[in-house]
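Examination of the molecular architecture
Next come the chains, spelled out residue by residue.
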Amino acid sequence: MAGQRPGANLGNIAKALGVSVATVSNALTGKGRVSAELIESVRAKATELGYTPSHIGRALRTGRSGVLGLVLPDIANPLFPQIAQAIEFAASSAGYGVLIADSRGSVSMQTEAINRLIERGVDGIVIVPRLGTRIADIGCPVAVIDSPSTPGNTVSADHWQGGQAVAEHLVSLGHRKLLLIGNNPASNVQGDRIGGMKSALPAGGQAGVLWIEAHEERHGRGALLGLHAKVEEGFTAFAAVSDLIALRVLTELQSAGLSVPADVSVTGFDDLVWSSVVTPSLTTVRMNMAAIAEIAIAALVRVIEADAVNSDDIPRMATSTAVAAERSSVPMTLIVRQTSGAPCPSFRDEPIKSIKGERT
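Calculation notes
- Residues numbered from 1 in each chain as written.
- Predicted model: local features only at pLDDT ≥ 70, side-chain atom pairs only at ≥ 80, totals over all residues.
- Heavy atoms only, no water.
- Helix = DSSP H or I, 4+ residues; strand = E, 2+ residues; numbered from the N terminus.
- Buried < 20%, exposed > 50% of the residue type's maximum accessible area, 1.4 Å probe, protein only.
- Pairing = 2+ DSSP bridges.
- Axes fitted to C-alpha atoms, helices over the stretch in contact; angles between N-to-C directions.
- Salt bridge = Lys/Arg side-chain N within 4 Å of Asp/Glu carboxyl O.
- Right-handed = clockwise from strand over helix to strand, strands pointing away.
- Expected span 1.5 Å × (residues − 1).
- Contact = heavy atoms within 4.5 Å.
- 1 Å grid on protein atoms, 1.4 Å probe; cavity = no way out; pocket = protein on both sides within 12 Å on 5 of 7 lines; lining within 4 Å.
- Points joined across faces, edges and corners; volume = space filled by probe spheres on them.
- Nonpolar A, V, L, I, M, F, W, Y, C, P; charged D, E, K, R; others polar.
- Polar contact = N/O pair within 3.5 Å; in protein donor to acceptor, adjacent residues only side chain to side chain.
- pLDDT = per-residue confidence, 0-100.
- Phe/Tyr/Trp six-rings, centres within 6.5 Å; stacked < 30°, edge-to-face > 60°.
- Lys NZ or Arg CZ within 6 Å of the ring centre and 35° of its normal.

The residue valine 171 is located in helix 7 (residues 159-173) in this model. For valine 171, a relative accessible area of 1% translates into the label buried. Linking valine 171 and leucine 201, residues 30 residues apart in sequence, is a C-alpha distance of 7.3 Å.

Whenever strands of a sheet pair, they do so through backbone hydrogen bonds, lying parallel or antiparallel. The sheet built from four strands is open, its strands ordered 7-6-8-9 with parallel pairing. Of all the strands in the sheet, the pair left with one neighbour each is strand 7 (206-211) and strand 9 (265-267). Along the sheet, successive strands turn relative to each other by an average axial angle of 20°, direction set aside.

Turning our eyes to something else, we now look at the pattern of salt bridges. If you walk through the whole model with that rule in mind, you get five salt bridges. Close ionic contact of aspartate 270 with arginine 193 constitutes a salt bridge, the shortest N to O distance being 2.9 Å. Of this pair, aspartate 270 sits in the loop between strand 9 and strand 10 (284-286) while arginine 193 sits in helix 8 (residues 188-199), and the two are 77 residues apart along the sequence. Aspartate 271 serves as the salt-bridge partner of arginine 286, at 2.7 Å between the closest nitrogen and oxygen. One end of the pair, arginine 286, is in strand 10; the other, aspartate 271, is in the loop between strand 9 and strand 10, and 15 residues separate them in sequence.

Side-chain positions along a regular strand alternate between the two faces of the sheet. Pairing between strand 1 (residues 67-72) and strand 2 (residues 97-102): six bridges, direction parallel. Counterpart to glycine 69 in the pairing with strand 2 is leucine 99. Handedness of the crossover joining strand 1 and strand 2 through helix 5 (residues 79-93) is recorded here as right-handed.

The next point concerns helix 7. Residues lying three or four places apart along an α-helix face the same way, a consequence of the helix completing one turn every 3.6 residues. Counted at 1.5 Å a residue, the expected span for helix 7 with its 15 residues is 21 Å, and the 22 Å between its end C-alpha atoms agrees. For helix 7, a buried count of eleven out of 15 residues is recorded, marking the element as mostly surrounded by other parts of the structure. Listed as buried for helix 7 are His159, Trp160, Gly162, Gly163, Gln164, Ala165, Val166, Ala167, His169, Leu170 and Val171. Two residues or fewer past helix 7, glycine 174 is found with a positive phi of approximately 110°.

With that settled, the discussion passes to the environment of leucine 179. Turning to its location among the elements, leucine 179 is positioned in strand 6 (residues 177-182). Under the relative-accessibility criterion, leucine 179 is labelled buried at 2%. Placed 55 residues apart in sequence, leucine 179 and glycine 234 show a C-alpha to C-alpha distance of 9.9 Å. Leucine 179 has contacts with Gly208, Val209, Leu210, Leu227, Lys230, Phe235, Ala237, Phe238 and Ala239, leaving out every residue within four places of it along the chain.

Of the voids in this model, the largest pocket is the one considered here, and its volume is about 1,100 Å³. Considering the residues around the largest pocket, the lining is formed by 42 residues, among which Asn77, Phe80, Leu131, Asn183 and Gln190 are closest to the centre. If you list the elements that add at least two residues to the lining of the largest pocket, you get helix 5, strand 5 (156-157), helix 8, helix 9 (212-219), helix 11 (243-255) and helix 12 (289-307). Each residue belonging to the lining of the largest pocket can be placed in one class, and the counts come to 20 nonpolar, eleven polar and eleven charged.

On the secondary structure map, threonine 154 appears in the loop between strand 4 (142-144) and strand 5. On the basis of relative accessible area, threonine 154 is assigned to the buried category, the value being 1%. Side-chain polar atoms of threonine 154 contact the backbone oxygen of valine 323, separated by 2.8 Å. When residues no more than four places from it in sequence are discounted, the contact partners of threonine 154 are Val142, Ala143, Val144, Ala299, Val323, Ala324, Ala325, Arg327 and Ser328.

Another aspect to go through is the confidence of the model for the protein. Of all residues in the protein, 84% attain a pLDDT of 70 or more, and the chain-wide mean is 85. Scored below 50 in pLDDT, residues 348-360 makes 28 contacts in the model with residues more than four places away or belonging to other chains.

In total, this model carries zero aromatic pairs according to the counting rule given. For lysine 177, the ring lying beneath its charged end belongs to phenylalanine 235, and the centroid distance is 4.7 Å.

Following this line, the structure appears as structure tokens:
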């Protein structure tokens, strides 16, 4: 555009208007006593000259970088890029950028990732912790997204309620013997999902639990889960704590010649992008990731912006405690598709009434 000078700074604007650099800075940042007319003139001249604010300079003035960190436990898991996208959008809407780190499921790498982000001067960090780990004082504000049962959790999906929704759905179809399949009992999220499913079983209902990591320790990594034998034992529904596990269950059942849902029902969690397009499409539970991200970022930014500058406008270190949100859990939504149906007639008993269990 004619008249623009790329790389224009505050001095260029001040010289063009015949005012001091301090006046230009105050007009652009909203500080000091500057008339509305002069503010308008400064902003117009800044636009004309192509002035772009320096993030480094702003960081030196305010003590803030305008960047948040995000630590995820496994970017290879298709759930976590979806979480990252939601966090990035919420942060961007609040005026912050995001640096992402992957702990790769390791406690030591999670600590290293946190330290790297702090070294890069992030204002705060959002953490989805590795299985069951607690986040200690790390020197900057932290928003934890795990499970409502996690000490220090900021906000998360209500995984217990999601588990109840799955069990109630299966019970309403007539199932009374469920196999609940998780990966690792150290995960608060998986524990809450399975706990919620157990709590919603009616009197006379039965639930077995299969932990895949323990099974593979005995039988080898990638070993069959023995699901055909479980069907022969009378299990009519397999409720997995994730869509990835549910896909493994579907594959094993179909390879064994069993039909879903005619012979056995299958459910998952997380509603991953492919869950609606596999055959048969997967009954699952969806997190409201946009709401979770908005709540987490709002809580984090509130602490950062309240603590970063004291009443004398002198920069100081923000609090390092885990931040709390006004709303700590977000309900999950059951998505009913093709993998859940009434149990095979040979297993079907008299209809049973679902009794929603209470969390203890």
